[in-house]
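Commentary on secondary and tertiary structure
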Amino acid sequence: LPGGWTGHVLKVPTIDILCNTNSGTMYNDIYNLDFEGSNIASVLVNNTTGYNFTNCLFRYGGNDCLLGNDCPGTNFVNDTLDYFQNNGARITGTTSQHCLTKNVLINHCGNIPGMGQREPDGNKSYTGWDNPMGFNTFQNMTILNSGYSGLCFGGDSVNITNVVVDTFCVTKIDG
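Residues numbered from 1 in each chain as written. Predicted model: local features only at pLDDT ≥ 70, side-chain atom pairs only at ≥ 80, totals over all residues. Heavy atoms only, no water.

1. Describing the overall build of the protein
Counting secondary structure elements, the protein contains 0 helices and 16 strands. Expected size for 175 residues packed as a compact globule is a radius of gyration near 16 Å; at 16 Å, the protein falls within 12% of this value. In terms of principal-axis extent, the alpha carbons of the protein reach across some 55 × 35 × 30 Å. In the protein, which comprises 175 residues, the proportion classed as buried is 42%. Looking at the protein alone, contacts between residues at least 24 apart form 50% of all its contacts between residues at least 6 apart. Surface exposure of the protein reaches about 8,700 Å², of which carbon and sulfur atoms provide 52%. (Helix = DSSP H or I, 4+ residues; strand = E, 2+ residues; numbered from the N terminus. Rg over C-alpha atoms; globule rule 2.2 N^0.38 Å. Buried < 20%, exposed > 50% of the residue type's maximum accessible area, 1.4 Å probe, protein only. Contact = heavy atoms within 4.5 Å. Areas by Shrake-Rupley, 256 points an atom, 1.4 Å probe, with all protein chains shown as cover.)

In structure tokens, the structure reads:
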């Protein structure tokens, strides 16, 4: 290689979605897996109930780690999300409630300008974890180096305990 660059490895994702749940499936446990490199999402949870991701490592995504829609009871416990170009998690749908995010480290989401997905209002890009529905629990989380908001939540009866958000708005400054 020119300039004496040796020993570097370039990895390019070729799969859009690494874990694509089937619509209507219920109560599945995924644990102790490493997910590395995706174009759209490492995990797509769409119209499912009760998925549990435990002790998993999610790294290096071209867009989101978790993309969920109408996915009640989706739980992330003891997981790490690192280096996603858009969001760590983006969850939509009015039934996406009663979810647990516990002992999760989220780092380096949305740090490269221009890599976030365009939204109608521009608010859902570059975020560490976004679940604006109610009745969700966030415990013992650490969210570091988010391009916009670290944690976006909303709705009724949200429980947030021992959550640290540090270094946010590094890409977009109005969060």
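There's more to say after this.
2. Some points on the sheet that holds strand 1 (residues 17–20)
The strands making up a sheet associate through hydrogen bonds between their backbones, and the pairing can be parallel or antiparallel. Taken together, the 6 strands give an open sheet; going across it, the order is 1-4-7-10-13-15, and neighbouring strands pair in parallel fashion. Of all strands in the sheet, those bounded by a partner on one side alone are strand 1 and strand 15 (151–153). This sheet shows a mean twist of 10° between the axes of neighbouring strands, independent of strand direction. Two elements, strand 13 (residues 129–131) and strand 15, share 3 bridges in a ladder whose sense is parallel. Across the sheet, the residue bridging to W129 is L151, located in strand 15. (Pairing = 2+ DSSP bridges. Axes fitted to C-alpha atoms, helices over the stretch in contact; angles between N-to-C directions.)

3. Points about the pattern of salt bridges
Counted according to the given criterion, the structure contains 2 salt bridges. For the salt bridge of K11 with E36, the shortest nitrogen-to-oxygen distance reads 3.1 Å. Taken together, the residues K11 in the segment before strand 1 and E36 in strand 3 (residues 34–38) connect sequence positions 25 residues apart. With a relative accessible area of 61%, K11 lands in the exposed category. R59 serves as the salt-bridge partner of E36, at 2.8 Å between the closest nitrogen and oxygen. Taken as a pair, E36 in strand 3 and R59 in strand 6 (residues 57–61) lie far apart in primary sequence, 23 residues in all. Judged by relative accessible area, R59 falls into the partly exposed class, the value being 24%. Each of K11, E36 and R59 takes part in a single network of salt bridges with overlapping partners. (Salt bridge = Lys/Arg side-chain N within 4 Å of Asp/Glu carboxyl O.)

4. Here we look at the side chain of D64
Looking at where D64 falls in the secondary structure, it is placed in strand 7 (residues 64–69). Although D64 is buried, it makes no salt bridge; R90 carries the closest opposite charge, 5.8 Å away. Polar side-chain contacts of D64 include one of 3.0 Å to the backbone nitrogen of N87. Look past the residues within four positions of D64 in its chain and what remains in contact with it is S38, I40, A41, S42, F84, N86, N87 and R90. (Lys, Arg positive; Asp, Glu negative; His and termini not counted. Polar contact = N/O pair within 3.5 Å; in protein donor to acceptor, adjacent residues only side chain to side chain.)

5. Remarks on the nonpolar core
Core analysis: the largest hydrophobic core is formed by 25 residues, its most contacted members being F53, F58, L66, L81, I106 and W129. Only strand 4 (41–46), strand 5 (49–54), strand 7, strand 9 (80–84), strand 10 (89–92), strand 12 (105–109) and strand 14 (137–146) provide two or more residues apiece to this core. When residues of this core are assigned to their parent elements, the largest contribution, 3 residues, is made by strand 14. Here L81 is in contact with F58, C65, G88, V104, L105, I106, N107 and W129, once residues within four sequence places are set aside. (Core = buried A, V, L, I, M, F, W, Y, C linked by side-chain atoms within 4.5 Å.)

6. Some points on the packing of aromatic side chains
Aromatic ring pairs are described here by two measures, namely the spacing of the ring centres and the angle between the planes. Summed over all chains, the structure comprises 7 aromatic pairs. Between the aromatic rings of Y51 and F53, the centroid separation amounts to 6.4 Å while the plane-to-plane angle is 25°, which identifies the pairing as stacked. Assessed through its relative accessible area of 6%, Y51 is described here as buried. Relative to F76, the ring of F58 lies with its centre 5.8 Å away and its plane at 50°, an arrangement referred to as tilted. Of this pair, F58 sits in strand 6 while F76 sits in strand 8 (residues 75–77), and the two are 18 residues apart along the sequence. According to the relative accessible area criterion, F58 is buried, its value standing at 0%. F76 sits in the buried class, given a relative accessible area of 1%. An aromatic cluster is present here, built from F35, Y51, F53, F58, F76 and W129 joined pairwise through their rings. (Phe/Tyr/Trp six-rings, centres within 6.5 Å; stacked < 30°, edge-to-face > 60°.)

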